[in-house]
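Now for the letters of each chain:
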4 protein chains.
Amino acid sequence: MAVVMKPGANEEDIKRVVRFVRERYGLRVDVSRGEFQTVIGLIGNEDRVDFEQLAALPGVERAYRITSPYRLVSRNFFPENRVIEVKGVKIGEGNVPVFIAGPCAIESREQIFRIAREVHEAGANILRGGAFKPRTSVHSFQGLGEKGLEYLAGAGEEYGMPTVSEVRSEKHVELVAKYVDILQIGARNMYNQDLIEEAAKQKKPILLKRNFGASIEEFLSFAERAAAQGNKDIILCERGVLPIGRGRQFTRYSLDLSAVPVIRKETYLPIIVDPSHGTGRRDLIYSMSKAAIAAGAHGLMIEAHYNPDEALSDGPQMITPKELKRIIDVCKRIYAVNVMEDNMP
Amino acid sequence: MAVVMKPGANEEDIKRVVRFVRERYGLRVDVSRGEFQTVIGLIGNEDRVDFEQLAALPGVERAYRITSPYRLVSRNFFPENRVIEVKGVKIGEGNVPVFIAGPCAIESREQIFRIAREVHEAGANILRGGAFKPRTSVHSFQGLGEKGLEYLAGAGEEYGMPTVSEVRSEKHVELVAKYVDILQIGARNMYNQDLIEEAAKQKKPILLKRNFGASIEEFLSFAERAAAQGNKDIILCERGVLPIGRGRQFTRYSLDLSAVPVIRKETYLPIIVDPSHGTGRRDLIYSMSKAAIAAGAHGLMIEAHYNPDEALSDGPQMITPKELKRIIDVCKRIYAVNVMEDNMP
Amino acid sequence: MAVVMKPGANEEDIKRVVRFVRERYGLRVDVSRGEFQTVIGLIGNEDRVDFEQLAALPGVERAYRITSPYRLVSRNFFPENRVIEVKGVKIGEGNVPVFIAGPCAIESREQIFRIAREVHEAGANILRGGAFKPRTSVHSFQGLGEKGLEYLAGAGEEYGMPTVSEVRSEKHVELVAKYVDILQIGARNMYNQDLIEEAAKQKKPILLKRNFGASIEEFLSFAERAAAQGNKDIILCERGVLPIGRGRQFTRYSLDLSAVPVIRKETYLPIIVDPSHGTGRRDLIYSMSKAAIAAGAHGLMIEAHYNPDEALSDGPQMITPKELKRIIDVCKRIYAVNVMEDNMP
Amino acid sequence: MAVVMKPGANEEDIKRVVRFVRERYGLRVDVSRGEFQTVIGLIGNEDRVDFEQLAALPGVERAYRITSPYRLVSRNFFPENRVIEVKGVKIGEGNVPVFIAGPCAIESREQIFRIAREVHEAGANILRGGAFKPRTSVHSFQGLGEKGLEYLAGAGEEYGMPTVSEVRSEKHVELVAKYVDILQIGARNMYNQDLIEEAAKQKKPILLKRNFGASIEEFLSFAERAAAQGNKDIILCERGVLPIGRGRQFTRYSLDLSAVPVIRKETYLPIIVDPSHGTGRRDLIYSMSKAAIAAGAHGLMIEAHYNPDEALSDGPQMITPKELKRIIDVCKRIYAVNVMEDNMP
């Protein structure tokens, strides 16, 4: 449910609504302050709530139910785009796309420092790197753990880039939050409500990846989990869904680019695209990066390594910093076309 | 199997190979003449063929097996891009994208003439319109039939646009070919080998749409059906696959844009995209058109109508000619970015 | 729309309704005569039909709209199970399951006669065999054509089994109908409305296979195509849908057995299962046959060959007549459990 | 890698191999003792391991690589079926199927005690009930938590049934293990390697549900995660995958019953089926339960409630204890047919 306050409502009016909802119904609330209006959302089961009574409180313009399973992150709840700022980098509508780049896994101090320098020179503005790797096989390389985070933080600082790394387990949340600027929830953990809630409590931006079998409705419903903890600094990331059709598959996953304009309509949160995992093929990243930006993505997340063939994981989908530069350059030109068109009468 | 002739091979050398294959093995052949070299393909089961003997014939450079189920349309067989020309419009690599537009169904002479004029003014260069509609329900409008084709041909002539229309049944192939310039095989008929072969025999270009459950391998294998009839003027069209995930679906299908760069690598045939059926939502067509062109598509196929809400079929996914113009304009700018980048050192 | 006649309505009442619908609205009708009541269905677009007027005609009990895209084959339209009889073999609810067996492709007179004898001895009661094979690759064996049909008909007659064979193309419909007792529409042609309609006109039972990407709603909507031609002798066949999930697939398709009870609820038509194509693995056919019968299937369609490893097509999914016998025997026992249970108070 | 010991190998031989692998390569090992032979598995990256050297140690019969991502749970590694015993109930090949039943969520002491009594009388032998519910919406009922576990344990004790409940979060693992006999990992957490490992360490049986988007290969790879912790008391559970096809869906998920015989071939672990979540429809549970047992499942997991329509969650898929009794009875008859057939010459 959304309670929209009148443009002239004062702080006391807002507090009155919040108190009323808490005391009368025992529900938590979410207060979103926009440029002109404030919207108050109810968290939890609203079946017993009396809308008319709420709408009659001083300063309230109207109160209405939102039927989708995501409410707090819905544009129907709050219409203004959210721009997330991390150490000076802005992510979201109205800003140049962000380019998050780095290796799949942090392998050594030397590796991450060298890659940081090279992707920075290529134009990337956020540094990624995995320290706790989610792996299908218990028999594979699982990441460097805290040592890796330390290297990542060091490299980010050295080259002036905020950092992002996946937090795979609830028990690592505080540790990862201690080192990195953005906490990534991987595709396999998109349905992991406890992990999302733990991560959201750290008060750092969340990068939430869509599960490969999840509908957009489910994706946004789990973003709602973070929002319900009071953290709306959520960056959504499309990274490919299960491919359809029998026989040989040419890509690991199937990048669902129509999710980009759909999500832009459904929520005010930024949506980025990961063409590396989304295709699993380095020779497709150039084309799919362009397509993602043309579709309206607010950024890209790309795996890069100075020596893709020797990377300890995900080598086949990693590109060189030189290729990254070419991608960033062309994507900025595509973005310029988008902006020019959107500004035409 | 591909038999690559030496650059200096003469007509007699080619005929010798053809005769040898036909007489010795009873197989049909396909002769592809490139700028520098000629490649001869064998059609049918080659298990008994003696490669070494073939490779030893005069004028033959080498002979090798192609293991994929599509051979004649494979880049491994023949590397040069195919550009298809219809009444002056060129479709394929190295040319400005084509814009195929028109209503889902032809409803009347007035309707198709008016739409033809309006999409022509908007920048479209090929006119589409359905006369024999494939329909899930036997209880729905099934199209105007021959009368519709007549109107379509008239409108195409009036505004100097080649035409395309779906041929749904073998029994209509000759009729449709009598009126239109490009024969469309719809997504539901992609696996209909007899229809594809009948259509290919008409010696007019084929526009083959990918089935929503087909892998790219299957898609190209059925394009091979047309090529094996000696007709390689095949325009491939991605139009969305089955969406993944439970619950509310935001799009009718899921446009598989990574199919575009994959298909460009696998075959020399042009690949276009249909964002109308691919999304089923008019408010997504602008974004997905841009994305398709950015991904490298050689053209777009878009449903347009002066009054989308009154269209007898597919109204929710139809746009106005005015919106079409906006799409064509921005797509040309995106294409310009592609070309500029590809030409950079 | 369904017009349910009163139990005591006479022939004149029925004709009056039919005339009324035809003359007033130009629609075709379908007349279903049950043990106690007759139901009249309208074919085509009923938007303009005045229900109240219809309901007021003499002998009419009630008239109501059916909103699903399939109406004539819906249980909501007509509640009695349909049992199809072919040369003494009964297919449908209340009868022992039918066992349709034979090779994928008819390879020679000797082959089909030998297999016919062996599957007959194993307990099969309908003989299958392909003469016009649908093939992905133009380079594969395409079937013996008319010669094959001739052999199949001969073998069926010799061993007292009705026959079924796929009709792949509209141009072969009459030819196939001349030789076989049941016309099969393959999974790839499930969306081919013209082929279904042509086949239905032959007044022989249709065996319609579900497309691997089709929902049950679509499946029944295309069965409706045959029913609208006045032919309701339609045997539905579940044969596997596209498998979900990445990486190694253990089966070619994924047999959707919950389709069996769902379809039994939605329609009065019989539903059988093809575990051969549904799994693509001979070692799974025993288990999945049992499961299909336990789920309520009215029969099975199984590929069998005396020498599976030498079969010209689909060898990996073919079993021997000896294995077939074991399957038929156990399935009859499972069926006996079903019957016993269903008869318990 | 599997190191198969000779039938006559003694304890010292086994220890020697274990020491060798640990000290030389720093890898963990898994020792599986069969009736006749012992097999030693290596855990971790074996790229550097010298097979010949290992095979030459005293008491070793042979050493070979297993290429699939699951090894310890593979039949290629260890051929004997695993039977898991919990408080006298045996789960696995050669035993009557187990019937796990109970409500979706524990709602009160009265509710779970009443249901426990009723499902016990119906023939169920394990009691289920959710205390920490995984929910898509943050706005729904989330379960009673520890209170619920206490009630569940009490009810299980009262009626002599072992209990199972889902553990959704790492932080609850010890708590859930304190009360229940079998720890369930839900479908949404199948990819949650940390949770699986934490749960496995509790030395209680694990019930691992397949994710709705997971291939069988991935499913077994995550069972491997538990096995690598030294816990092979793993009960696998098929509960439906994402449905295919557009338009109206008749079931929430699509029960993949061919997974049952496939999994029986791939691993020695027991596999059960959950037709409640697998269909989402109470009217399909009877048919699909029979089909699951006919396909070879070692048990069923079914949601039951004395008043399905008033259940706080999953009402549409819950059945009454009376219906449960009917299902258990018929499934035992189907199982008897299976056993009789398997014992035939």
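Remember, predicted model here, so these are calculated numbers, not experimental data.

Rules behind the numbers
Residues numbered from 1 in each chain as written. Chains lettered and ligands numbered in written order. Predicted model: local features only at pLDDT ≥ 70, side-chain atom pairs only at ≥ 80, totals over all residues. Helix = DSSP H or I, 4+ residues; strand = E, 2+ residues; numbered from the N terminus. Buried ≥ 20, exposed ≤ 12 C-beta atoms within 10 Å, placed from the backbone. Contact = placed C-beta atoms within 7 Å. Axes fitted to C-alpha atoms, helices over the stretch in contact; angles between N-to-C directions. Parallel < 35°, antiparallel > 145°, perpendicular 65-115°, else oblique. Left-handed = near helix turned anticlockwise from the far one by under 90°. Nonpolar A, V, L, I, M, F, W, Y, C, P; charged D, E, K, R; others polar. Least-squares fit on C-alpha atoms with pLDDT ≥ 70 in both. Domains from an automatic or database assignment. Core = buried A, V, L, I, M, F, W, Y, C linked by C-beta atoms within 7 Å. pLDDT = per-residue confidence, 0-100. Pairing = 2+ DSSP bridges. Expected span 1.5 Å × (residues − 1). Arc of directions from axis to C-beta. Bend = angle between axes of the 7 residues up to and from the residue.

**What about the environment of G315 of chain A?**
Residue and element names in this part refer to chain A.
- Following the sequence through the fold, G315 ends up in the loop between β14 (299-303) and α11 (321-342).
- For G315, a count of 15 C-beta atoms within 10 Å puts it in the partly exposed group.
- When the C-alpha positions of G315 and R281 are compared, they lie 9.2 Å apart, and in sequence the two are 34 residues distant.
- When near neighbours in sequence (up to four residues on either side) are disregarded, G315 contacts P308 and D309.

**Let's talk about the packing of helix α6 (residues 193-200) of chain A against helix α7 (residues 216-227) of chain A**
Residues and elements named next belong to chain A.
- At their nearest, the axes of α6 and α7 sit 8 Å apart, and the two run at 40° to each other. Here α6 is positioned oblique relative to α7, judged by the angle of their axes. For α6 against α7, the interelement crossing comes out right-handed. Of α7, the residues touching α6 (which contributes Q193, I196, E197 and A200) are F222, R225 and A226.

**Brief notes about the interface of chain B and chain A**
- Facing the 38 residues of chain B at the interface are 38 residues of chain A.
- Listing elements by their share of the side of chain B that touches chain A, those giving two or more residues are α7 (216-227), α8 (259-266), α10 (282-295) and α11 (321-342) of chain B.
- For the side of chain B that touches chain A, the element with the most residues is α10 of chain B, which contributes 7 residues.
- Counted by class, the side of chain B that touches chain A contains 19 nonpolar, 11 polar and 8 charged residues.

**Notes on unusual backbone geometry**
- Notably, K87 of chain A is not glycine yet its phi reads approximately 45°, a positive angle.
- Tracing the backbone shows K87 of chain A in the loop between β5 (84-86) and β6 (89-91).
- You can call K87 of chain A partly exposed: it has 14 C-beta atoms within 10 Å.
- Even without glycine at this site, K203 of chain D takes up a positive phi of about 60°.
- Relative to the assigned elements, K203 of chain D resides in the loop between α6 (193-200) and β11 (206-209).

**A look at the relation of the copies chain A and chain C**
- Between chain A and chain C, the superposition needs a rotation of 180° and an axial shift of 0.1 Å, giving an RMSD of 0.0 Å. Such a combination of rotation and displacement between the chain copies is what one expects of a two-fold axis. The rotation axis passes nearest to the C-alpha of I244 of chain A in chain A, at a distance of 3.8 Å.

**Details of the relation of the copies chain B and chain A**
- It takes a turn of 180° to lay chain B on chain A, together with a shift of 0.0 Å along the axis; the resulting RMSD is 0.0 Å.
- Taken as a fraction of all interface residues of chain B, those also at the interface in chain A reach 100%, which identifies the copy contact as same-surface.

**So, the domain arrangement of chain A**
- The domain architecture assigned to chain A consists of domain 1 (2-64) and domain 2 (84-342).
- Computed over C-alpha atoms, the centres of domain 1 of chain A and domain 2 of chain A are 35 Å apart.

**Some remarks on the nonpolar core**
- Counting 475 residues, the largest nonpolar core has A223 of chain A, A223 of chain B, A223 of chain C together with A223 of chain D as its most contacted members.
- A total of 9 residues in this core trace back to one element, the largest contributor, which is α10 of chain B.

**Observations concerning the confidence of the model for chain A**
- With 100% of its residues at a pLDDT of 70 or more, chain A has an overall mean of 93.
- Complex prediction metrics read pTM 0.95 and ipTM 0.95.

**Here we look at the sheet that holds strand β2 (residues 28-33) of chain A**
All names here are of chain A.
- Reading across from one edge, β2-β3-β1-β4 is the order of the 4 strands in this open sheet, with antiparallel pairing throughout. Two strands lie at the open edges of the sheet, namely β2 and β4 (60-64), each paired on one side alone. Direction aside, neighbouring strands of the sheet carry axes that sit 20° apart on average.
- Examined bridge by bridge, strand β1 (residues 2-5) and strand β3 (residues 38-43) share 3 bridges and lie antiparallel to one another. Note that in β3 the partner of V4 across the bridge is V39.

**Some points on helix α4 (residues 146-158) of chain C**
All names here are of chain C.
- Over its 13 residues, α4 runs 18 Å from end to end, which matches the ideal 18 Å to within 8%, given 1.5 Å per residue.
- Where α4 is concerned, the buried positions are G148, L149, Y151, L152, A155 and G156. All buried residues of α4 lie within an arc of 165° about the axis, which places them on one face of the element.
- Each element contacted by the buried residues of α4 is listed here: α3 (109-122), β8 (126-128), β9 (163-166) and α5 (173-179).
- G160 lies just past α4 and shows a positive phi near 65°.

**Overview of the sheet that holds strand β1 (residues 2-5) of chain B**
Residue and element names in this part refer to chain B.
- A sheet is described by the order of its strands in space; here 4 strands give the open sequence β2-β3-β1-β4, paired in antiparallel fashion. At either margin of the open sheet sits one strand with a lone partner, and together these are β2 (28-33) and β4 (60-64). On average, each strand axis in the sheet is inclined to that of its neighbour by 20°, with strand direction left out of account.

**Some thoughts on α10 of chain B**
Residue and element names in this part refer to chain B.
- Spanning 14 residues, α10 covers 20 Å between terminal C-alpha atoms, matching the ideal 20 Å at 1.5 Å per step.
- Along α10, the sharpest change in direction is near 25° and occurs at M288.
- Of all 14 residues in α10, 13 are buried, a share of seventy percent or more.

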